[in-house]
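Fold and geometry: a report
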Amino acid sequence: MSVSFTKESEDLFVLSVEGILTFNDLEEIQDNVSTAIDRSRKIKVLLLAENFSGWGKEGDWGNLEFMLEHDPYIQKIAVVITERWKDEIFAFLGAGMREASVELFLAGEEEKARDWLKHQAE
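Residues numbered from 1 in each chain as written. Predicted model: local features only at pLDDT ≥ 70, side-chain atom pairs only at ≥ 80, totals over all residues. Heavy atoms only, no water.

**So, the pairing of strand β2 (residues 12–21)**
What counts here: Any two strands between which DSSP finds at least two bridges are classified as paired. Where helices and strands are cited, they refer to DSSP runs of H or I of at least four residues and of E of at least two residues respectively, numbered from the N terminus. Assignment of crossover handedness uses the view with strands pointing away from the viewer, where a clockwise path from the first strand over the helix to the second indicates a right-handed crossover.
In terms of strand pairing, strand β1 (residues 2–7) meets β2 through 6 bridges, oriented antiparallel. When the bridges of β2 are listed, valine 3 appears paired with valine 17. In sequence, β1 turns back onto β2 through a hairpin of 4 residues. The pairing of β2 with strand β3 (residues 43–55) spans 9 bridges and is parallel. Within the sheet, the bridge partner assigned to glycine 19 lies in β3 and is phenylalanine 52. As a crossover connection, the stretch from β2 through helix α1 (residues 23–36) into β3 is right-handed.

Spelled out as structure tokens, the structure:
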């Protein structure tokens, strides 16, 4: 598994995930985001998961504590992923149940995802 986290600007965080996402990887990502969030403004997240291959079996994947605590500070989440994982990642991110807008883009559509993130939420 390969996970990277980059703060590209004051309001754009880029997460890159390859292979199988383990619960330890998820906790590392959440720790990085928690530390980097400036609670005086909302951020946007670009999740690049074009080489994603699923989730590990260990861990408390149903824990919503991070989402409940940090969602007020996240405006939008754009996900670039293969067709195979679209439904699962949508459910994993809690799209439709969270304050942040979540939009999915197919592999190869990173620029389209970045454009969507740049526009103000409706």
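Moving on from the model shown.
**Quick look at the confidence of the model for the protein**
This is how it is decided: Residue-level confidence of the predictor is what pLDDT reports, using numbers from 0 through 100.
Per-residue pLDDT for the protein averages 90, and the proportion of residues at 70 or more is 97%. Mean pLDDT values for the elements of the protein range from 87 in helix α2 (residues 65–70) up to 96 in helix α4 (residues 110–118).

**Examining the packing of aromatic side chains**
Aromatic ring pairs are reported here in terms of the distance separating the ring centres and the angle at which the planes meet. Note the following rule: Only Phe, Tyr and Trp rings take part, Trp by its six-membered ring, and two of them pair if their centres are within 6.5 Å. Stacked means planes under 30 degrees apart, edge-to-face means over 60, and tilted covers everything else.
In this structure the tally under the stated criterion is 8 aromatic pairs. Residues phenylalanine 52 and tryptophan 55 carry aromatic rings whose centres are separated by 4.8 Å and whose planes lie at 75° to one another, so their mutual orientation is edge-to-face. With centroids separated by 6.1 Å and ring planes inclined at 55°, the aromatic side chains of phenylalanine 105 and tryptophan 116 adopt a geometry described as tilted. Here phenylalanine 105 is found in strand β5 (residues 101–106), whereas its partner tryptophan 116 is found in helix α4, with 11 residues between them in sequence. One aromatic cluster is present, formed by Phe23, Phe52, Trp55, Trp61, Trp85 and Phe92 through successive ring pairs.

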